[in-house]
Structures are given as C-alpha cells and as structure tokens.
2 protein chains.
Amino acid sequence: MVDQTGVEIISIGNELLNGRTVNTNLTLICKKLTISGVNVLRAYTVRDELKEIVDVLRFVLEQKTSSWIITSGGLGPTHDDITLQGVALALGRKISLNEKALEMIRGRNAELILTDARRKMAFLPEGATPLKNPVGMAPAVYLRESETNIICLPGVPQELEAIAEESVLPMIKRDAGDFFFVEGILWVQGLLEADLAPIILEVFRERPEVYIKSHPKGEEFGIELSLTVTTRHPDSSRELVSKSLDEISTRVLQASGSISSRRIVNHK
Amino acid sequence: MVDQTGVEIISIGNELLNGRTVNTNLTLICKKLTISGVNVLRAYTVRDELKEIVDVLRFVLEQKTSSWIITSGGLGPTHDDITLQGVALALGRKISLNEKALEMIRGRNAELILTDARRKMAFLPEGATPLKNPVGMAPAVYLRESETNIICLPGVPQELEAIAEESVLPMIKRDAGDFFFVEGILWVQGLLEADLAPIILEVFRERPEVYIKSHPKGEEFGIELSLTVTTRHPDSSRELVSKSLDEISTRVLQASGSISSRRIVNHK
C-alpha cells in the first residue's frame, strides 16, 4: 500500500459545520478515488473564513504526506466564496484575472452581463489553470505548489461530480498509475460483533494486506463485513479478498454463526 | 459571536475516507450543537490508525481554540477500534481497565461471557469517566485535559445519537450557557446567484452579525437563502434575522426577482 498515491480533502462551507448540509461531496470524491486505487488519507472541514482556509491548507502542505489536495466549496460569486483568495494567501501568490477563466464564464451564457460578481470567479491565484465546469458558472482550478497538486472544486454537487469525472479523476489516475481496488462483502448472522472480533483478528493477521471492517447493522440485520485490498493487479486483489472471505466464512460457521450473503463487488 | 463555546470534531473510520459511509454522524452533532448556540469550528476525518488519531488530537489540543473536542468511532470490540488507545497516547496517559465501564458492559447483558473483545471496551485512558450507552455495548468516554473537555462517542449512529442526547449535549450546554440560534429561510426565484451576490453583500454589511449563505438549487427551484444568527437573547436573534429578511426581500423585488417562501425556522 506504501506507494499508493495519497490525497487529502478540504471541504469548505459553514453549512457543513452548522449541520445544514450532509457532506456527500466528500463521500463521492472518496469513493471515486478509492475504487481507482487512490488512498484518501485525511479530510478536513472548515468554515468560510480566510484564516481557516489558509491555516488548514498550510498545515496539509507542511505535512507533505499527500501529492494531491482537493478543496470543495467557495468558488461562487458571493462575498463568502473565498477559497481562491485563501489558496493564494496560503501559497504567497497574487490573485489576478485569468483570461481563460473569464472566457469560460462568458462562454456559459454570452448574454449575461459580466458584473463584478461574475468576474470575481475568474480571479485565480497566479500560475493556476482553470478547469472547465460543464454544469455551472464557476471554473474549477488546478495548480501545483512544489511537489503537490492542488485542485479546487465548486461545492454544488452536480458541478463537483461533473468536473471530477471530466478533469480531476483522469489527472489523478494518470499520476497514480494502475492500482486495483477490490471489495468483498459478507453478511454474518447469529454472532455479536464482540464474538466476531477475534475471528477478524485471526484472518487479518494471516493476510494483513486485506483490511477487514465490521459494520454492525442491528440484531435483525446482522453484521456486514467489508474486506478491501488495493494491489497493482486485479487478479491478485481478487484472489486475496476471496481467500480471506473463505477463512472468515469457515470460522463463522465453526462459531455457530451463519452467512446470508457473500459477494465480491464490481466497483467499476 | 466571540464568546460562544467552540467545539471541534474528529471522525474516525476508514469507511468515511473510502466513500463507503456518508458522515451523517458529523451532521447530526453539528446540527444539535448549532441550534444550542454552540459553534462547531472545524472537523477532521481520519483513518483507523493510531498515528492519525494521535497526530490530529494533539494538533487540535495545541491550537487551544476549542474548549470541547468530540471524537466519533473506534470504541467497539474489533482490533481496529483504537480511539481510546490513541487518546491515551496523545495525552501521555496510561490505559487501564475501568471498573465502572466494565459494569456498564456487564449490565447490558449479564449472560454474555466477558471475552477479551468485550473487556477491551472497558479499557479507558486514566482519569476518564465512562458515559452510559443506552443503545449499545461500548460506553462513551469523557475526560478533561487541562482546559479542554474531550468526549469519545461510538460510531454506530443510533448509539451516538442516544449518548449525545442523554449525556453530551446537556454537559456542553451547561458549559456554554444560554445562546439562541435563529435561522431565517428565503427562497428566491428569477435571479442568478451572481445577481444576488451584491444584494447579500449590502445587507450583510449593514448587519454583519447575521450570516447570509446562498444555496443555489438549480434553475427550476431557485436559490435558498439561509440567514443565521446566535445571540444571548432569542428575541434579539429573531429580530435581527427578521430585519435582514426584510431588506433582502425588498432588494430582490427591486431587482425583478421574486420570493416564493419566507419563514423563520423553529429549531427546537
């Protein structure tokens, strides 16, 4: 797992910390990266405040554990959309009108007047490249700081997803190379999680590259076990998961538990 | 807003960073705290790894910006449930069998054998107090480090919610004192977000204690504006929001937009 590409994600928006909005953007990005074999190491959620954005971005950059940082939110036209100011400040770069970004904004609807609020979305940190937003007005942004790639995505879910698919995932996958993520699922009944714990530990010790996570779903449903592995070869990922599934299944039956479902998920 | 109690939240679990699970626990805690007038300053999501838990918890403690830290996840019986080891390590405390926690676990079901996996959930950092889990087996944990209160909650949503209601919110509210959060909602049609941006800015400048956030919901639905304020008096919170709602409404109509709904939310 050591040489997998690492990503950290910074979600920006008061609505996430006020409990108004569930952060499905984070889940979506994490899922798409994980099934591409990319490792999301950590995530942060901060308020729409310049100091917050600057502090967290600097902190992540200083750690140097991730080759990619993705931010979401704060690219829109309102006064509290300040992600790009924050990024510029954190990197010690100026912010200036980017002609290509302005062209993208104009291209969305030629009849709209280029008010200050619309032009604002074209002010990018120096050295940044705008990424086309096929759904909304605000372009996404790519820039590189020393060894780290930084991507800023808008917070509107449909826009974030479209840009991730069209621009971001292809870039990160190219950088990451071919890794294959495989997940096996096992539903166990008749055992409590504490009874399953030593079984999981035994199987994990025999094959530590397969990560095993138990998700108890309440007595009537049982426990969902997720077995995941990422390797350079799809066949070996699949084989590793399959072996661990076998070994857990055998032990569950020996412990008088039962299995209602076993499958290997096809994530692509 | 300056003297509001600050909280930071650390969500622990690979499933959150693999995109398998949406972090509804975070949203739930944030919502309950916000409507109690408590300010959630920042949130972190980390993997089930000791170093990750230790690093992030130390980082938050060193910042000293929050008087409460809440963790969720990693209190269960499996080998990757290591939150309490992480907390102990971060604080330089030993971990030991807590008799009161053991009693709580035993009390859940006297017929269950106290296996190592069950006893594991009663190993708490020294000086910690177990909090009753009315739904599941693993007790939650409260401890204090210098000026900071730390709460560790289980990741199973029903358990987290029950403990939050029964133990955590009353503690934090007592510490925070009476603050009143009021939210006004305005649905605007016929204007794009970029056209609404200068209106929001004008009204915000006149009354900066009312935070105004726009949530564009697509052309057919329009834009949802959320106006929020927290003060020591419910009447003044309500009046501030009401005034800002008036001022935005007037300007939206002047700009040839329309308003389909206006209300003040009763969050309790």
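Rules and cut-offs
- Residues numbered from 1 in each chain as written.
- Chains lettered and ligands numbered in written order.
- Predicted model: local features only at pLDDT ≥ 70, side-chain atom pairs only at ≥ 80, totals over all residues.
- Heavy atoms only, no water.
- Least-squares fit on C-alpha atoms with pLDDT ≥ 70 in both.
- Contact = heavy atoms within 4.5 Å.
- Axes fitted to C-alpha atoms, helices over the stretch in contact; angles between N-to-C directions.
- Helix = DSSP H or I, 4+ residues; strand = E, 2+ residues; numbered from the N terminus.
- Parallel < 35°, antiparallel > 145°, perpendicular 65-115°, else oblique.
- Left-handed = near helix turned anticlockwise from the far one by under 90°.
- Nonpolar A, V, L, I, M, F, W, Y, C, P; charged D, E, K, R; others polar.
- Expected span 1.5 Å × (residues − 1).
- Buried < 20%, exposed > 50% of the residue type's maximum accessible area, 1.4 Å probe, protein only.
- Domains from an automatic or database assignment.
- Pairing = 2+ DSSP bridges.
- Phe/Tyr/Trp six-rings, centres within 6.5 Å; stacked < 30°, edge-to-face > 60°.
- Lys NZ or Arg CZ within 6 Å of the ring centre and 35° of its normal.
- Salt bridge = Lys/Arg side-chain N within 4 Å of Asp/Glu carboxyl O.
- Disulfide = S-S within 2.5 Å.
- Core = buried A, V, L, I, M, F, W, Y, C linked by side-chain atoms within 4.5 Å.

Observations regarding the relation of the copies chain B and chain A
Think of it as a corkscrew move, a rotation about one axis and a shift along it, taking one chain copy to the other. Under the fitted operation, chain B is carried onto chain A by 0.0 Å of movement along the axis and a turn of 180°, and the coordinates agree to an RMSD of 0.0 Å. This pairing of chains is accounted for by a two-fold axis. Judged by C-alpha distance, Tyr44(B) is the residue of chain B that lies nearest the rotation axis, at 2.3 Å. When you check the interface residues of chain B against chain A, 100% turn up at the interface there too, and the contact is symmetric in its surfaces.

Some words on the packing of helix 2 (residues 24–35) of chain A against helix 7 (residues 157–176) of chain A
Residues and elements named next belong to chain A. Closest axis-to-axis distance for the helix 2/helix 7 pair is 11 Å, and the angle between their directions is 25°. By the angle class used here, helix 2 and helix 7 are roughly parallel. Like other packed secondary-structure pairs, helix 2 and helix 7 cross with a definite hand, here right-handed. Between helix 2 and helix 7, the contacting residues are Asn-25, Leu-28, Ile-29, Lys-32 and Leu-33 on the first element and Pro-157, Leu-160, Glu-161, Glu-165, Leu-169 and Ile-172 on the second. Here the contact of helix 2 with helix 7 is built from residues that sort into seven nonpolar, one polar and three charged.

Focus on helix 9 (residues 234–254) of chain A
Residue and element names in this part refer to chain A. For helix 9, with 21 residues, the first-to-last C-alpha span of 31 Å sits near the 30 Å given by 1.5 Å per residue. Every buried residue of helix 9 is listed here: Ser-237, Leu-240, Val-241, Ser-244, Leu-245, Glu-247, Ile-248, Ser-249, Arg-251 and Val-252. Of the surrounding secondary structure, the elements contacted by the buried residues of helix 9 are strand 9 (180–189), helix 8 (193–206), strand 10 (211–216), strand 11 (223–231) and strand 12 (258–265). Ser-256 occupies a position one or two residues after helix 9 and carries a positive phi of about 70°.

As for the packing of helix 3 (residues 50–63) of chain B against helix 4 (residues 83–91) of chain B
Residues and elements named next belong to chain B. At their nearest, the axes of helix 3 and helix 4 sit 8 Å apart, and the two run at 50° to each other. One finds that helix 3 runs oblique with respect to helix 4. Read as a crossing pair, helix 3 and helix 4 show a hand that is right-handed. Facing helix 3, whose interface residues are Leu-50, Ile-53, Val-54, Leu-57, Arg-58 and Leu-61, helix 4 presents Thr-83, Gln-85, Gly-86, Val-87, Leu-89, Ala-90 and Leu-91.

Quick word on the environment of Glu8(A)
Residues and elements named next belong to chain A. Among the structural elements, Glu-8 can be located in strand 1 (residues 6–12). Counting along the chain gives 59 residues from Glu-8 to Ser-67, while the straight-line C-alpha distance between them is 8.5 Å. With near-sequence residues (within four places) excluded, Glu-8 lies in contact with Leu-41, Arg-42, Tyr-44, Val-60, Thr-65, Ser-66, Trp-68, Ile-69 and Ile-70.

Here we look at the domain arrangement of chain A
Here the domain parsing of chain A yields domain 1 (6–176) and domain 2 (180–265). The distance between the C-alpha centroids of domain 1 of chain A and domain 2 of chain A comes to 36 Å.

Considerations on the sheet that holds strand 11 (residues 223–231) of chain B
Residues and elements named next belong to chain B. With antiparallel pairing, four strands are arranged side by side in an open sheet as 10-11-9-12. Each edge of the sheet is formed by a strand with only one pairing partner; in this case those strands are strand 10 (211–216) and strand 12 (258–265). Ignoring which end each strand starts from, the neighbouring axes of this sheet average 15° apart. Relative to strand 10, helix 8 (residues 193–206) is tilted by about 170°, and along the sheet it contacts strand 9 (180–189), strand 10 and strand 11.

As for the packing of aromatic side chains
Counting across every chain of the model gives six aromatic pairs over all chains. With a centroid separation of 6.3 Å and an interplanar angle of 80°, the aromatic rings of Tyr44(A) and Phe59(A) are classed as edge-to-face. Pair noted here: Tyr44(A) is in strand 2 (residues 39–46) and Phe59(A) is in helix 3 (residues 50–63), with a separation of 15 residues, a long-range link. The burial state of Tyr44(A) is the same as that of Phe59(A); both residues are buried. Plain terms: the ring middles of Tyr44(A) and Tyr44(B) are 5.8 Å apart, the flat faces sit at 70° to each other, and that makes the pair edge-to-face. Of this pair, Tyr44(A) sits in strand 2 while Tyr44(B) sits in strand 2 (residues 39–46), on two different chains. We classify Tyr44(B) as buried; its relative accessible area is 0%. Joined through ring pairs, the aromatic side chains of Tyr44(A), Phe59(A), Tyr44(B) and Phe59(B) make up one cluster. Sitting over the face of the ring of Phe179(A), Arg232(A) holds its NZ or CZ atom 4.2 Å from the ring centroid.

Regarding the pattern of salt bridges
Under the definition given, this model contains 34 salt bridges over all chains. Of the charged contacts in the structure, one is a salt bridge between Glu15(B) and Lys213(A), with a shortest N-O distance of 3.0 Å. Taken together, the positions of Glu15(B) in helix 1 (residues 14–17) and Lys213(A) in strand 10 put the pair across two chains. Taken together, the shared-partner salt bridges connect Arg20(A), Glu183(B), Lys217(B) and Glu224(B) into one network.

Here's the deal with the environment of Leu143(A)
Residues and elements named next belong to chain A. Relative to the elements of secondary structure, Leu-143 occurs in strand 7 (residues 140–145). For Leu-143, a relative accessible area of 0% translates into the label buried. Sequence separation of Leu-143 and Gly-127 is 16 residues, and the distance between their C-alpha atoms is 6.6 Å. Contact partners of Leu-143, with chain neighbours within four places excluded, come to Val-87, Leu-91, Arg-93, Pro-125, Gly-127, Ala-128, Thr-148, Asn-149 and Ile-150.

What to know about the state of the cysteines
Applying the stated rule across the entire model yields zero disulfides over all chains. Free cysteine: Cys30(A), not disulfide-bonded; nearest cysteine sulfur from Cys30(B) at 17 Å. Residue classification places Cys30(A) among the buried positions, given a relative accessible area of 0%.

Looking at the nonpolar core
For soluble globular proteins, nonpolar side chains are generally found buried alongside one another. In terms of nonpolar packing, the biggest core is built from 60 residues, with Ile10(A) and Ile10(B) touching the most fellow members. Excluding residues that lie within four positions of it along the chain, Ile10(A) makes contacts with Tyr44(A), Val46(A), Val56(A), Leu57(A), Val60(A), Ile69(A), Ile70(A), Thr71(A) and Ser72(A).

So, unusual backbone geometry
All names here are of chain A. Even without being glycine, Ser-146 reaches a positive phi, approximately 55°. Its place among the elements puts Ser-146 in the loop between strand 7 and strand 8 (148–153). Judged by its relative accessible area of 58%, Ser-146 is exposed.

Notes on the environment of Thr250(B)
As for its placement among the helices and strands, Thr250(B) is situated in helix 9 (residues 234–254). Taking the C-alpha atoms as reference points, Thr250(B) and Ile9(B), 241 residues apart in sequence, are found 39 Å from one another.

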